Amino acid sequence: MRTALCTVVLSTMIMSLASCFDAAENEYRVTVPTFATVTHDEAGNTRLYLDEGRGIIDPSTESANIKWGDAVRVMVRYDLPIITSEKVSMETTRFKGIVRSAVKIDTVAMQNVTGMSQLPSTLGNDTLLGFNFHAYWGYVTMQAWVANNFNFDMTCSYDTVNGFDGENLHLRLHYKEKPGAWGNEFLQTISAPLPSFLKDKVTGDSLNIIMTAPVWYNANHDSAYVDTVKFKIGRGRLTQPSYGYITGGI
């Protein structure tokens with residue numbers, strides 16, 4: 001009797017655990033941040049082209065109710081998709097997924113300084129503690145760290161004659177403080193569309209972008225140097241995507 005009862009109880013426990021596992025299948029999700037370019041179709045649907053070769057995401061109905069407004073570049077938090085094939089190339093793969101949040105990144109125009117013997121003072125030339133940038137989907141995204149939360153203006157300039165040879169584009173980062181505060185939880189960040197002339201002028205399969213900016217040697221701010229950061233972007237990513245740019249999926 002006791003053995004039979006134990007068997008029934010144990011069987012019930014196993015069935016209950018199995019039911020719990022079944023209910024929790026694929027519920028474990030990893031949410032990660034990245035930058036993305038926002039596109040819309042005529043019906044108002046949104047598609048995000050993710051930086052870092054992370055793919056192209058159509059927000060699912062489980063996504064947060066995000067007011068996209070006029071945002072074209074965002075810092076987005078989304079759930080990583082479940083990949084069922086080793087042959088999937090995420091960079092060009094479209095998938096439906098959960099977008100948890102999005103923060104608009106302001107976009108600015110790069111400044112064409114071709115032929116100028118002296119740069120306009122309005123561009124700014126503040127010395128930084130450090131900077132970085134990357135280029136995806138037709139945009140350069142710049143980040144600066146200055147050990148404060150002041151508001152700022154930031155852009156970069158280019159020279160089509162002395163700063164471009166068909167394979168290399170030289171950019172100069174310009175930064176200056178302005179009144180107000182930077183209220184976001186990540187580094188001071190701005191995006192700028194790549195110059196449109198590049199699409200027809202890049203001679204190879206990729207473009208090497210070299211960015212320079214003045215940087216302090218140390219925290220004493222007693223001397224500075226010009227730092228250089230490089231990034232390579234494929235020729236097919238030089239222009240901004242449209243909603244239907246890629247149709248593949250997983």
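All residue numbers refer to position in the chain's written sequence, counted from 1. Where totals are concerned, whole chains, interfaces and linings use all residues; where local detail is concerned, this predicted model gives features only for residues with pLDDT of at least 70, and gives and counts side-chain atom pairs only at 80 or more. Side-chain numbers come from the whole structure's heavy atoms, not from hydrogens or water.

Please clarify how the packing of aromatic side chains should be interpreted in this entry.
The geometry of two aromatic rings is summed up by the distance between their centres and the angle between their planes. Any two of the Phe, Tyr and Trp rings considered here, Trp counted by its six-membered ring, make a pair once their centres fall within 6.5 Å; the pair's planes then place it as stacked at under 30 degrees, edge-to-face at over 60, or tilted in between. Considering all chains together, one arrives at nine aromatic pairs under this definition. The interplanar angle of 10° and the centroid separation of 5.7 Å between the aromatic rings of Phe-152 and Tyr-175 together place this pair among those described as stacked. With a gap of 23 residues between them, Phe-152 in strand E10 (residues 150-158) and Tyr-175 in strand E11 (residues 168-181) connect regions that are remote in the sequence. Buried, partly exposed and exposed residues are distinguished by accessible area as a fraction of the type maximum, computed with a 1.4 Å probe on protein chains only: under 20%, between the cut-offs, and over 50%, respectively. Relative accessible area serves as the criterion here: at 5%, Phe-152 is assigned to the buried category. One aromatic cluster is present, formed by Phe-152, Tyr-175, Trp-182 and Phe-186 through successive ring pairs. Only lysine NZ and arginine CZ atoms are considered, and such an atom sits over a ring when it is within 6 Å of the ring centre and within 35 degrees of the ring normal. Positioned above the aromatic ring of Tyr-243 is the side chain of Arg-47, whose terminal nitrogen or guanidinium carbon lies 3.9 Å from the ring centre. Per the convention used, a helix needs a DSSP run of H or I reaching at least four residues, while a strand needs a run of E reaching at least two, with both numbered from the N terminus.

I'm lost on the pairing of strand E2 (residues 46-50) in this one. Help?
The side chains of a regular strand alternate, first on one face of the sheet and then on the other. Where burial is concerned, most of E2 is hidden: five out of the five residues are buried. Two strands qualify as a pair provided DSSP detects at least 2 bridges between them. Across five bridges, the pairing between strand E1 (residues 31-40) and E2 is antiparallel. Counterpart to Thr-37 in the pairing with E2 is Tyr-49. Where E1 folds back onto E2 in an antiparallel hairpin, the turn is made up of five residues, including Gly-44, whose phi is positive at roughly 90°.

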